[in-house]
Amino acid sequence: ESRRVQKVISYLQSNYQNEVRLNDVAGFIGMSEAAFSRFMKKRTGRNFIEYLNDLRLGIASRQLVNTSKSIAEISYESGFNNISNFNRLFKKRKGVTPKEFRENYSKMRKLI
């Protein structure tokens, strides 16, 4: 089973910028959508969309810290096709907006 998890993680890391659908990933590892949904929840503690969004938000967070790209660019490059959805999810998961996250990190960097 861990090979299946690794296969899914690898697939998502290679395709996070694109539209990734549950049925595509389920088919990729030879499972039905329902079975795959249960599998992801059991193995990762998160459902498929939560896992994918967390992956994308992690990538976006690193880009906010390490690049000077605009928030919109980072949003789209991270696989979000709607900037308001990106901002809403980012704030929900991180407690701050992407702009505040970048500003807070810049302030911390200057202090160190």
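As a reminder, the structure under discussion sits directly above these lines.
My aim in this report is to walk through the structure given alongside it, one point at a time. Computed from a prediction, not measured in an experiment: that's the story for all the values here.

1. Focus: the overall build of the protein
The helix and strand inventory of the protein stands at seven helices and zero strands. Moving toward the C terminus, one meets the helices and strands of the protein in the order α-α-α-α-α-α-α. With respect to the principal axes defined by its C-alpha atoms, the protein has extents near 50 × 25 × 20 Å. Sorting the 112 residues of the protein into buried and exposed places 36% on the buried side. A separation of at least 24 residues holds for 49% of the contacts in the protein among residues at least 6 apart in sequence.

2. A short note on the packing of helix α3 (residues 33-44) against helix α4 (residues 48-66)
Packing of α3 against α4 leaves a shortest axis separation of 9 Å and a crossing angle of 55°. Of the possible angle classes, the one that applies to α3 and α4 is oblique. Note on element contacts: α4 touches α3 through F48, E50 and Y51, opposite F36, M40, K41 and T44. Tallied by class, residues from the contact of α3 with α4 come to four nonpolar, one polar and two charged.

3. A word on the packing of aromatic side chains
Aromatic ring pairs are reported here in terms of the distance separating the ring centres and the angle at which the planes meet. With the rule as written, the count across this model stands at six aromatic pairs. With a centroid separation of 5.7 Å and an interplanar angle of 55°, the aromatic rings of F86 and F90 are classed as tilted. Taken together, the residues F86 and F90, both in helix α6 (residues 83-94) and four residues apart, mark about one turn of the helix. For F90, a relative accessible area of 0% gives the class buried. Following the ring pairs from residue to residue traces out a cluster consisting of F80, F86, F90 and F101.

Rules of the game
The residue numbers shown here count from 1 along each chain, following its written sequence. Local features in a predicted model are, by the rule used here, given only for residues with pLDDT of at least 70; side-chain atom pairs are given and counted only at 80 or more, and totals for whole chains, interfaces and linings are based on all residues. Excluding hydrogens and water, the side-chain figures rest on all heavy atoms present in the structure. Here a strand is any run of E in DSSP of at least two residues, a helix any run of H or I of at least four, and the numbering for each starts at the N terminus. Relative accessibility under 20% of the residue-type maximum defines a buried residue, over 50% an exposed one, and the middle range a partly exposed one, all with a 1.4 Å probe and only protein chains included. Contact criterion: two residues are considered in contact whenever any of their non-hydrogen atoms come within 4.5 Å of each other. Between the N-to-C directions of two axes lies an angle of 0 to 180 degrees, each axis being a line fitted to C-alpha atoms and, for a helix, fitted only over the stretch in contact. Small angles under 35 degrees read as roughly parallel and large ones over 145 as roughly antiparallel, with 65 to 115 read as roughly perpendicular and the rest as oblique. Each residue is assigned to one class: nonpolar for Ala, Val, Leu, Ile, Met, Phe, Trp, Tyr, Cys and Pro, charged for Asp, Glu, Lys and Arg, and polar for all the others, Gly among them. Two rings belonging to Phe, Tyr or Trp (six-membered ring only in the last case) form a pair when the distance between their centres is within 6.5 Å. Interplanar angles under 30 degrees mark stacking, angles over 60 mark edge-to-face geometry, and anything in between is tilted.

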